[in-house]
Amino acid sequence: MRGLPPAAWAYVSGVVALAAVAIATTPLADLDPQTLAVLAALFLICDSAPAKLNVERARVSLSYAASLASVVLLGPDGAALVGVTAIVTGQRIFAPVKRLFNGAQFALSGYAAGMVFGALGGDRYRPGQAEWVEHVIGPFLGALVAFVTVNLLLMAGILLISRQAAWQELLRESGELVFGCLGYGMFGLLIAGLWDAVGPFAAVLVLLPLFIARWALAQTHAQQQAHTATLAALCQAVETKDYYTRGHSERVSRGSVMIAQEIGMRADRVAAIRYAGMLHDVGKLGVPTKVLQKTGPLTEEEFAAIQLHPMRGLEIVREIGFLDEALAGIMHHHERMNGRGYPMGLAGDEIPEFARVISVADAFDSMTSTRSYRAARTKEEAIEELRRGAGDHFDPVMVEAFLRALEREGWEPPQPVVLPDDDVVETTQQDHDDPSVPIRIAKA
Amino acid sequence: MSTSAQAGPSRRHGWQRFDSGPLAVVAVAGTLVVVAVATVTAGGLVQPQVAVIFGVLVAIGELFRMVMSGNREVAPIASAGALGYALLTTVGPERAGHPALQVVAVAAAGMFVGSLPHVAVGRSPRLDAMARRLLTIAVVALVFRPLASLKLEWEVLLCLMAVTLVASCFLEVCIAALIRAEAVRARFGIALRDEMNAKMALCAAVGATAMLIVVSTSVMGRAALLVFTAPILVTQFAFRRYAGIRATYLQTVRALSRVTEVGGYVEAGHSHRVSRLAVAMGRELGMAEEELLELEYAALMHDIGQLSLGDPIPGGATVLASPNEQRRIAELGAEVIKETGVLDRVAYIVRRQSDPYRATPAGAGTPDGNGAAVPSPQPPPPLASRIIKAANAYDDLVGESSDRDRGAAVLERLRLDSAVEYDPTVVEALARVVGRRRHG
């Protein structure tokens, strides 16, 4: 948080000041100290062990449940006090500003939720009260929505102002978060309802399912990471044979994701295209090395072998339980808009969307990489070439999307290739991905 | 003679799943359901509204049942709902007076209804898994219903519930282990340990949720169940994602292990045959499920190092390559796998796959000057590596052929090499697995 812009400082101070006012006006004497202590402890325990999600930066904090329970049991002031304990969270946050802001935003969320709960006529359970749940469910849902909204908005604010994220990203990420937040928030009502019957034991009873949910989330995250890492490593293994194409899969994957996000694909489709981009050339392994390394023009048969590689790739990855779309993307990434591509000769909209995306990223990376027969082209030259091919070879929509994303996020071209000194180096002499240097085919 | 060998391993699954154990479980559960339904029809439902709500909860749970690692079918929401019904003491101020058999009948009805959509889309229900779940619920109901009618203190009741739930968890794990031991031919003790490892978290979650259902229903009345469904569904969703990604992971490794085949480095189907053989041998030797999974990954990827070779080894059979070359392939493969950053143990298994079982006795004390020129004394290769070494050699030499004499000859050759090259116990396990396939 060192390079925080002045606007962000102002924002943080504002949020903290508001929270301070909310807490300073709290009549402490009205709050039951035992309830407050137990709920604050529950909040801290949950908040110190957040579950990582696939969404970067975000975590599902199960502390939501404690906050919402305090909304019902203690009202806005108590909820604000419970939220403020986030300052001493056990998470590994080192910057004091962050801790302060975190506590302040939880306090404000709790306070807002408490106000909404009260305004809608919600009340805590009184022993012997019949139909309490029916009576309180409406106000509680209102409070829950208020809590989640204020929480996400305050977080989004700091991320936007300190330029750590663009609002499209935030919108996408919060879409994924809201579902979990609302679901776990319901536990708050359970804690509140059980409080009078079993007391603090309610917190313990609720904690177990909460932590198992957290465990499952964390496991999912770990497995997903492992999956991606394994895929990347295996793709790298496929590439090792050729010094010039190392890292190609990884970069095509990144480029495809950039395009996919730019044209506003859903998150699960973006995840699928990430894998599809990585695996798009896996079938190249089925092309005999001597064809890839041939210097002169290729014979018809040899070119046919190259044209087959998307099919071989499909053959390998078909068993993976992917979205079908990813498979289509791998199979058709060499089709052209004018119908002259391979393997099927599809044209225009017949080409699956994934394939049109991958094709652009694929060509761009190939052109900006060094090849044995030419030096790497500059970004500008490659962009020029993409523009020239738009409509005929590439989908203009994808090209434009890619250029926009390129402008915003930049592109790290591969390092110049340094060949090892021994003479057994094998390199491809023609690149089937390179649109600017078409493969030469000998006329029979 | 060799025609009997055609039966192959794949055909074994269908009927052997219904060995005596599972059949008994299904029969007991079926009888119980018939008795319960008959009793309830004769006597009528006690508190029908509550029964319907819990029945719906069970049906929803069955609808969202899922398959966890190791092909285990679970339905956590259904189990938690039914257990909650079995443990129910009061609904709001009202006393819950339903008998144990009504619990069984309601759970069975819910399971039936929840299974209908699955059947409609062509997924046949797994009777043994459903019977197991139902039996667990029935036992809890039979034990706890009489207790629930006594007027006990809250604390005592909660303790009793916890004890009953832990016992029921153990019972379920035992039944599951029994079924699994027969299905995958593992020893009961090992199956039990695997089952415990796989189910512990889920059992705890289901038990705690069931208790929470009981407590909140008695405090807040029926509406508490509605409040419940939201977080439960979110949790279930998390579990499903977890199960899904685990399955995808294995599929990915399985699929990508074929790159060596497509690249012409090894014979078609080699990696899969080696991995099947290796897993069967590992089971025979009593490996736990976690180790088996690592063994499977390692076996699938054991030839991945060949990708880094310039030219494929003729025929792809590493067993015919020189020891140095074999070691190089193993090293290269381990490097690739290490890159993942998460499969270090698998990488180690692959690295050691080419090492002889008894390396020239490492360390000092051997007068054998030439052979003992090993610079650093290495620990003996892990069991998984020894298994892969033997399985790989067998498949390289036999391949897809189902010729009995050839298989026997290869086994004989491996036996001759054992004690130095191959681990004798591993070779014997291989012989048993191969022999069973032939007669199976």
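Residues numbered from 1 in each chain as written. Chains lettered and ligands numbered in written order. Predicted model: local features only at pLDDT ≥ 70, side-chain atom pairs only at ≥ 80, totals over all residues. Heavy atoms only, no water.

## With respect to the UniProt feature "transmembrane region" (unreviewed entry) in chain A
All names here are of chain A.
Next, step 1: Following the UniProt record, the feature "transmembrane region" (unreviewed entry) maps to residues 6-24, 65-88, 100-120, 140-162, 174-195 and 201-217 here.
Next, step 2: Taken end to end, residues 100-120 has its terminal C-alpha atoms 30 Å apart, with 95% of it in helix and 0% in strand.
Next, step 3: End C-alpha to end C-alpha, residues 140-162 measures 33 Å, and it is 96% helix and 0% strand. (UniProt positions renumbered as here; feature names shortened; annotations may be inferred. Helix = DSSP H or I, 4+ residues; strand = E, 2+ residues; numbered from the N terminus.)

## Side note on the nonpolar core
Next, step 1: Core analysis: the largest hydrophobic core is formed by 118 residues, its most contacted members being Leu-39 and Trp-132 of chain A.
Next, step 2: When sequence neighbours within four positions are dropped, the list of residues in contact with Leu-39 of chain A reads Ala-66, Ala-69, Ser-70, Leu-73, Leu-74, Val-82, Ile-191 and Trp-195 of chain A.
Next, step 3: With 102 residues, the next largest nonpolar core counts Cys-235, Val-257 and Leu-327 of chain A together with Leu-430 of chain B among its residues. (Core = buried A, V, L, I, M, F, W, Y, C linked by side-chain atoms within 4.5 Å. Buried < 20%, exposed > 50% of the residue type's maximum accessible area, 1.4 Å probe, protein only. Contact = heavy atoms within 4.5 Å.)

## Here's the deal with the side chain of Glu-195 of chain B
Next, step 1: Counting through the fold element by element, Glu-195 of chain B comes out in helix α8 (residues 188-220).
Next, step 2: Residue classification places Glu-195 of chain B among the buried residues on the basis of a relative accessible area of 2%.

## Digging into the domain arrangement of chain B
Next, step 1: By domain assignment, chain B separates into domain 1 (2-245) and domain 2 (257-361 + 378-439).
Next, step 2: Each of domain 1 of chain B and domain 2 of chain B was reduced to a C-alpha centroid, and the two centroids are 41 Å apart. (Domains from an automatic or database assignment.)

## Section: the side chain of Ser-359 of chain A
Next, step 1: Inspection of the secondary structure assignment puts Ser-359 of chain A in helix α14 (residues 353-367).
Next, step 2: Beyond its immediate stretch of four places on either side in the chain, Ser-359 of chain A contacts His-333 and Phe-394 of chain A.

## Things to note about the domain arrangement of chain A
Next, step 1: Examined at the domain level, chain A breaks down into domain 1 (6-218) and domain 2 (240-409).
Next, step 2: Put simply, the middle of domain 1 of chain A and the middle of domain 2 of chain A, counted by C-alpha atoms, are 46 Å apart.

## A closer look at the interface of chain A and chain B
Next, step 1: The interface of chain A with chain B comprises 56 residues on the first partner and 49 residues on the second.
Next, step 2: Both faces combined, the contact of chain A with chain B buries some 4900 Å², and carbon together with sulfur accounts for 77% of it.
Next, step 3: For the pair chain A and chain B, the number of links is zero salt bridges.
Next, step 4: Seen at the junction of chain A and chain B, the total is three residue pairs in polar contact (both at pLDDT 80 or more).
Next, step 5: When contributions to the side of chain A that touches chain B are tallied by element, the ones reaching two or more residues are α5 (132-161), α6 (167-198), α7 (201-239) and α12 (309-317) of chain A.
Next, step 6: Residue contributions to the side of chain A that touches chain B peak at 24 residues, all from α7 of chain A. (Buried area = accessible area lost by both parts, 1.4 Å probe. Salt bridge = Lys/Arg side-chain N within 4 Å of Asp/Glu carboxyl O. Polar contact = N/O pair within 3.5 Å; in protein donor to acceptor, adjacent residues only side chain to side chain.)

## Quick word on the UniProt feature "transmembrane region" (unreviewed entry) in chain B
All names here are of chain B.
Next, step 1: Those residues carrying the UniProt feature "transmembrane region" (unreviewed entry) are residues 21-43, 49-67, 74-93, 99-119, 131-148, 154-179 and 200-217 in this numbering.
Next, step 2: Helix makes up 79% of residues 49-67 and strand 11%. Its end C-alpha atoms lie 31 Å apart.
Next, step 3: In residues 131-148, the share of helix is 100% and the share of strand is 0%. The end C-alpha atoms are 25 Å apart.

## Details of the confidence of the model for chain B
Residue and element names in this part refer to chain B.
Next, step 1: The predicted model of chain B has a mean per-residue pLDDT of 83, with 89% of residues at 70 or higher.
Next, step 2: By mean pLDDT, the top-scoring element of chain B is helix α5 (residues 100-120) (94), and the lowest-scoring one is helix α1 (residues 13-16) (44).
Next, step 3: For residues 1-17, every residue scores under 50 in pLDDT, and the model assigns this stretch 14 contacts once sequence neighbours within four places are set aside.
Next, step 4: For this predicted complex, the interface confidence comes out at an ipTM of 0.70, alongside a pTM of 0.75. (pLDDT = per-residue confidence, 0-100.)

## What to know about the pattern of salt bridges
Next, step 1: Tallying each qualifying case throughout the model produces 35 salt bridges over all chains.
Next, step 2: For Arg-404 of chain A, the salt bridge identified is with Glu-262 of chain A, shortest N-O distance 3.1 Å. Of this pair, Arg-404 of chain A sits in helix α16 (residues 396-409) while Glu-262 of chain A sits in helix α8 (residues 248-262), and the two are 142 residues apart along the sequence.
Next, step 3: We classify Arg-404 of chain A as partly exposed; its relative accessible area is 44%.
Next, step 4: With a closest N to O distance of 3.8 Å, Glu-315 of chain A and Arg-312 of chain A form a salt bridge. In this pair, Glu-315 of chain A and Arg-312 of chain A are both assigned in helix α12, three residues apart and thus about one turn of the helix distant.
Next, step 5: What makes Arg-312 of chain A partly exposed here is its relative accessible area of 24%.
Next, step 6: Connected through salt bridges with shared partners, the residues Arg-72, Arg-180, Glu-195, Lys-199 and Glu-289 of chain B form a single ionic network.

## A word on the packing of aromatic side chains
All names here are of chain A.
Next, step 1: This structure, assessed with the given rule, holds nine aromatic pairs over all chains.
Next, step 2: Seen in terms of ring centroids, Tyr-64 and Phe-147 are 5.1 Å apart; in terms of plane orientation they differ by 75 degrees. Their pairing is edge-to-face. Here Tyr-64, found in helix α3 (residues 63-84), pairs with Phe-147, found in helix α5; they are 83 residues apart in sequence, far enough to count as distant.
Next, step 3: Here Phe-147 falls in the buried class, since its relative accessible area comes to 0%.
Next, step 4: Ring plane angle 75 degrees and centroid distance 6.2 Å describe the contact between Phe-303 and Tyr-342, whose orientation is recorded as edge-to-face. Residue Phe-303 is located in helix α11 (residues 300-307), and its partner Tyr-342 is located in the loop between α13 (324-331) and α14; the two are separated by 39 residues in the primary sequence. The two residues Phe-303 and Tyr-342 agree in class, both being buried.
Next, step 5: Members of the aromatic cluster, each reached through a chain of ring pairs, are Phe-364, Phe-402 and Trp-411.
Next, step 6: When the ring centre of Trp-411 is taken as origin, the NZ or CZ atom of Arg-254, which lies over that ring, is 5.8 Å away. (Phe/Tyr/Trp six-rings, centres within 6.5 Å; stacked < 30°, edge-to-face > 60°. Lys NZ or Arg CZ within 6 Å of the ring centre and 35° of its normal.)

## Observations concerning unusual backbone geometry
Next, step 1: With an omega of 5 degrees, the peptide bond between Tyr-342 of chain A and Pro-343 of chain A qualifies as cis.
Next, step 2: Among the structural elements, Pro-343 of chain A can be located in the loop between α13 and α14.
Next, step 3: Backbone geometry at Gln-47 of chain B places phi at a positive 50 degrees, although glycine is not the residue there.
Next, step 4: Inspection of the secondary structure assignment puts Gln-47 of chain B in the loop between α2 (20-43) and α3 (48-63).
Next, step 5: With relative accessibility at 18%, the residue Gln-47 of chain B sits in the buried group.

## Thoughts on the packing of helix α15 (residues 379-389) of chain A against α16 of chain A
Residues and elements named next belong to chain A.
Next, step 1: Across the interface, α15 lies against α16 with an axial gap of 10 Å and an inter-helix angle of 160 degrees. On the basis of their axis angle, the class for α15 and α16 is roughly antiparallel. Classified by chirality, the crossing of α16 by α15 is left-handed. Between α15, through Ile-383, Leu-386 and Arg-387, and α16, the contact on the second element is made entirely by Val-399, Glu-400, Phe-402, Leu-403 and Leu-406.
Next, step 2: For the contact of α15 with α16, a count of residues per class yields six nonpolar, no polar and two charged. (Axes fitted to C-alpha atoms, helices over the stretch in contact; angles between N-to-C directions. Parallel < 35°, antiparallel > 145°, perpendicular 65-115°, else oblique. Left-handed = near helix turned anticlockwise from the far one by under 90°. Nonpolar A, V, L, I, M, F, W, Y, C, P; charged D, E, K, R; others polar.)

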